[in-house]
Amino acid sequence: MRPRSPPEDNGYKATHQLLYLFISDFKQIACSHKLNKHLEQENTNIEERVVHLCTRIYSEAQMNFQSGIFDRLDGERIGTMKDLFAESIVVCSLVNFEEFLRTDWIEKLLQWTDNEYGCLIDTQSENESLSGESRHLLSSQTMTGNCVSHASSLIGAAVTKYLYHVHIKQ
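Residues numbered from 1 in each chain as written. Predicted model: local features only at pLDDT ≥ 70, side-chain atom pairs only at ≥ 80, totals over all residues. Heavy atoms only, no water.

Draft legend 1. Up close: the state of the cysteines. Scanning the model with the defined rule gives two disulfides in all. Each sulfur in the disulfide pair Cys54 and Cys92 lies 2.3 Å from the other. Taking the sign of the S-S torsion, about -105° here, the bridge from Cys54 to Cys92 comes out left-handed. Taken together, the residues span a long stretch of sequence, with Cys54 in helix H3 (residues 46-67) and Cys92 in helix H5 (residues 78-94) at a distance of 38 residues. The exposure class of Cys54 is buried, given its relative accessible area of 1%. Covalently, Cys119 is tied to Cys147 through a disulfide, its sulfur atoms 1.7 Å apart. The S-S bond linking Cys119 to Cys147 shows a torsion near -60°; that makes this disulfide left-handed. Taken together, the positions of Cys119 in the loop between helix H6 (103-112) and strand E1 (142-143) and Cys147 in strand E2 (residues 147-148) put the pair 28 residues apart, joining distant regions of the chain. Across the pair, exposure class does not vary: Cys119 and Cys147 are buried alike. With its bonded cysteines labelled in order along the sequence, the protein shows the pairing 1-2, 3-4. (Disulfide = S-S within 2.5 Å. Helix = DSSP H or I, 4+ residues; strand = E, 2+ residues; numbered from the N terminus. Buried < 20%, exposed > 50% of the residue type's maximum accessible area, 1.4 Å probe, protein only.)

Structure (structure tokens):
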């Protein structure tokens, strides 16, 4: 039996796969041996899979950014789109894909934050996925000022990684 190639990876599926790879590889958790064996059967390894995922994630983020979708959507889907965009920047920059640390992308994230609280305001769409399926964040909460904890944390992490990157480059 020939190993199956991975299905098309995009959206949260790709970012969450990357998080799993990141944790299993860099923290050497108990299942990393099983993961390596599985990837071997797929004729790949962790490094190649990370490159594959971040390449797909970048293409999707770039397409969304260039299309202006963030300025056209409102209501149901915009919170999810913003969350996914910020998550994409964070997870791939954590594995040293510097192309995610673009000034124009970070400026877009900062445009979304509330001037008074410095966070992403709840748009009542955090549980609505791009496909219309319900998505429930186990740890996201609405905080003071109607701030969404998960998305706000992602934006904070992306901005922090960007500032660190700019400082190191000097």
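Draft legend 2. Representation of the environment of Trp112 within the structure. With respect to the helices, strands and loops of the structure, Trp112 is situated in helix H6. Assessed through its relative accessible area of 10%, Trp112 is described here as buried. When the C-alpha atoms of Trp112 and Ser152 are compared, they prove to be 9.7 Å apart, with 40 residues separating the residues in sequence.

Draft legend 3. View of the side chain of Thr15. Among the structural elements, Thr15 can be located in helix H1 (residues 11-26). Beyond its immediate chain neighbours, meaning those up to four positions away, Thr15 contacts Ile57, Leu84, Glu87, Ser88 and Val91. (Contact = heavy atoms within 4.5 Å.)

None of the figures reported here should be taken as evidence of function without further support.
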